[in-house]
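# Descriptive structure summary
In case you want the letters, here they are:
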Amino acid sequence: MTSLPFFWFIAFVLAVGVLVALVWPLLRQRNGDAPGDEAAATAVFRDHKRQLDAEVAAGTLSAADRDAAKAELVARFGSELVAIPADVPTELSADIGVTSERSRWIAAIVLVALVPASAALLYAYLGNPAAVNAPPPAVARAEPGITDPQIVAMVDRLAEKMKSNPEDGKGWVLLGRSYLKMGRYDDSVAAFTEAVKHLPESAGLLADQAEAIAMAQDQRLTGRPEALLKRALVLDPDYPKALAMSAAASAERGDYVTAIALWKKLKAGVPPNSEQSQQIDQVLADLEQARKDAPKTAVSAGTGVEGRVTVDPKLIAKIAPGDALFIYARDPDGSRMPLAVLRGTAAELPKSFALTDAMAMAPGMTISRAKNVVVEARISKSGNATPQPGDLRGTSTAVAPGANGVRIVIDQVVQ
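This text gives an overview of the structure that appears in the document.

Reading the values: the criteria
- Residues numbered from 1 in each chain as written.
- Predicted model: local features only at pLDDT ≥ 70, side-chain atom pairs only at ≥ 80, totals over all residues.
- Heavy atoms only, no water.
- Helix = DSSP H or I, 4+ residues; strand = E, 2+ residues; numbered from the N terminus.
- Buried < 20%, exposed > 50% of the residue type's maximum accessible area, 1.4 Å probe, protein only.
- Areas by Shrake-Rupley, 256 points an atom, 1.4 Å probe, with all protein chains shown as cover.
- Core = buried A, V, L, I, M, F, W, Y, C linked by side-chain atoms within 4.5 Å.
- Contact = heavy atoms within 4.5 Å.
- Salt bridge = Lys/Arg side-chain N within 4 Å of Asp/Glu carboxyl O.
- 1 Å grid on protein atoms, 1.4 Å probe; cavity = no way out; pocket = protein on both sides within 12 Å on 5 of 7 lines; lining within 4 Å.
- Points joined across faces, edges and corners; volume = space filled by probe spheres on them.
- Nonpolar A, V, L, I, M, F, W, Y, C, P; charged D, E, K, R; others polar.
- Pairing = 2+ DSSP bridges.
- Axes fitted to C-alpha atoms, helices over the stretch in contact; angles between N-to-C directions.
- Polar contact = N/O pair within 3.5 Å; in protein donor to acceptor, adjacent residues only side chain to side chain.

## Notes on the overall build of the protein chain
Scanning the protein chain from N- to C-terminus turns up 13 helices and 8 strands. Going through the 415 residues of the protein chain one by one, you find that 41% of them count as buried. Summing over all exposed atoms, the protein chain offers an accessible surface of approximately 21,000 Å²; the carbon and sulfur share of this is 58%.

## A short note on the nonpolar core
One finds Leu175, Tyr179, Leu229, Trp263 and Leu287 to be the most contacted residues of the largest nonpolar core, which totals 49 residues. For this core, the element with the highest residue contribution is helix α9 (residues 203-216), accounting for 9 residues. Dropping the residues within four chain positions of it, Leu287 is found in contact with Ala251, Tyr256, Ala259, Ile260 and Trp263. If you look at the next biggest cluster of nonpolar residues, it comprises 25 residues, including Ile327, Leu339, Ala346 and Ile408.

## Overview of the pattern of salt bridges
Under the counting rule described, the total for this entry stands at 17 salt bridges. The closest approach of N and O atoms between Lys163 and Glu160, which form a salt bridge, is 3.2 Å. Pair noted here: Lys163 and Glu160 are both in helix α6 (residues 149-164), with a separation of 3 residues, about one helical turn. Of the residues examined, Lys163 reaches a relative accessible area of 61% and is grouped as exposed. A salt bridge links Lys381 to Asp323, with the nearest nitrogen and oxygen atoms 2.9 Å apart. One end of the pair, Lys381, is in the loop between β5 (374-380) and β6 (392-395); the other, Asp323, is in the loop between β1 (304-311) and β2 (324-330), and 58 residues separate them in sequence. Assessed through its relative accessible area of 51%, Lys381 is described here as exposed. Within this structure, Arg177, Asp208, Glu211 and Lys241 form a network of salt bridges that share partners.

## A word on empty space enclosed by the protein
Taken as a whole, this structure holds 2 cavities of 30 Å³ or more when the rule is applied. Each pocket or cavity is described by its volume, and for the largest cavity that value is around 70 Å³. Lining of the largest cavity is provided by Glu226, Leu229, Lys230, Leu233, Ser246, Ser250, Arg253, Thr258, Leu262, Arg308, Pro350 and Ser352. Mapped onto the lining of the largest cavity, the elements with two or more residues apiece are α10 (224-235), α11 (240-252) and α12 (256-267). For the lining of the largest cavity, the per-class residue count stands at 4 nonpolar, 4 polar and 4 charged.

## What to know about the pairing of β5
Across the 7 residues of β5, 7 count as buried, placing the element largely inside the fold. Going residue by residue along β5, you find Val374, Glu376, Arg378 and Ser380 tucked away on one face and Val375, Ala377 and Ile379 tucked away on the opposite face as well. The pairing of β2 with β5 spans 7 bridges and is classified as antiparallel. Residue pairing in the sheet places Tyr328 in a bridge with Glu376 of β5. The sheet contact formed by β5 and β6 spans 4 bridges and is antiparallel.

## Brief notes about the sheet that holds strand β3 (residues 340-345)
The 5 strands are arranged β3-β2-β5-β6-β8 in an open sheet whose pairing can be described as antiparallel. Looking at strand neighbours, the two that pair on one side only are β3 and β8 (412-413), the edges of this open sheet. Note: β6 against β8, 2 bridges, orientation antiparallel. Looking at the pairing, Arg393 lines up with Gln412 of β8.

## Re the sheet that holds strand β7 (residues 406-410)
The strand order β4-β1-β7 describes an open sheet built from 3 strands, whose pairing is mixed. Whereas interior strands pair on both sides, the edge strands pair on one side only; in this sheet they are β4 (351-356) and β7. Strand-to-strand twist in this sheet, taken as the mean axis angle between neighbours without regard to direction, amounts to 30°. By the bridge criterion, 5 bridges tie β1 to β7 in an arrangement that is parallel. Residue pairing in the sheet places Thr310 in a bridge with Val409 of β7.

## Concerning the side chain of Asp391
With respect to the helices, strands and loops of the structure, Asp391 is situated in the loop between β5 and β6. The exposure class of Asp391 is buried, given its relative accessible area of 2%. Among the polar contacts made by the side chain of Asp391, one reaches the side chain of Arg378 at a distance of 2.8 Å. For Asp391, the residues in contact, after removing those within four places along its chain, are Arg378, Ile379, Ser380, Lys381, Thr386, Gln412, Val413 and Val414.

Spelled out as C-alpha cells, the structure:
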C-alpha cells in the first residue's frame, strides 16, 4: 500500500473513531442527559492533539509550530466549529426539544457533518498534505483550492470578524494561512501584510508571508519572497520551512552551491534513514547533477570567488535592515584596495555572493591575477565605504581564485 492511500485510510479510521465516541453516547442517552458540548469538544481536540504530536514525531511539524497551533487554532476555530450548538439560544433549544429523542438524532447528524469538516480545515491549516507522498519542495505546485461550502463559509466569517477587529495579528495569520490553502493567493498576501503590522517579526510569519507572495507571483521565489526568507533565517537559522524555501530560491537563480548547502543543513535536522531524509537525498542528487550540467561560470573559471555571509547571533540586535553591507575581496599580500566589491543592505543577510573580475575597481587589479584572496564582509551604520568604529565585520581565510562555498561570519565590532 502506497503512503498516500494508507495515510487517508488511517485518517478515515480516526475520524470514524471520533464520531463513534461522540455519537454513540448521545444516541444512548435517555431523559435528557446527553453529554454537553464541552465534553464533545474535549474528545475532538484530544484527537487533534494526538495528530499534532504524531506530525512532530514524523518531523513534518516543529514543536514550536505545534504549540502555537494548539494555543491559537484550538482556541479560535475549535470553539467555533465544534461548540456551535452551545451558541443556540435557550428559547430555541426549548422550541426544538433538545432533550427529546428527535433532538438527539438531530445533534448526532450535526456532529457527523461538522467533525469531518472541522478536521479537514484543521489539517489544511496545521498539516502538510504535500509531504504525504511527494518530495519536499519549498513551494508546492498550485492545487485546486478548498471549495467545501462549510469551510469557505467559516473562513468568510473569520474575514468579517477581522474587519471589526483589525488589531488581531494572530487572526490575520490564521486568515492568511486559510486563504493560502484555498488558493486565494492575493487575499492571503493581503492578510499577511496586515499580520506583520500587528505581530513581532518571527521566522514562521516571514516564511508564511514569503510563501503567499511566491504563490501569487506564479510560484517564483526570487525577489521579495527570497528577501523575506533571508530575514527569517537571521531570526532562526534552523527554521525548516525557511531553509527549504531558501534552497529552492537559490536553485531557481542557478546558485546550486548554496541550494545544496541549505538542503544539507535541513537534512541534519530530520531523523536519519527517514522518508524525509531519503527525499532530501534525491533532491540533493538532482541539484548535484544540475550543478555539473550548468554552464561554466566566472568563478569556476578561476576569475572569481563565491560563498555566503551570515551573522553571529550575538550581534543581530546591533543590526538594522537599512544598514549598508559591503562584501569585497582583497589580496592579503598586496594593497588594501579591494579587487572586487559588492554592495547591499543588512536586510539581505544571510546573503550568497559571487565576486568576479567584472567587479574590479581598477584595471589590472583583479581576482584572477592574485595568488590568494581574502573576502571580508562589513555592516556600516554610516554607509561609508571606509571602516568606522562600531561597524560589524567578518573575514574569510585566504582562498585561491575560483573557490566556492566560502563562509564568512560577521562576528567582530570595529574598534
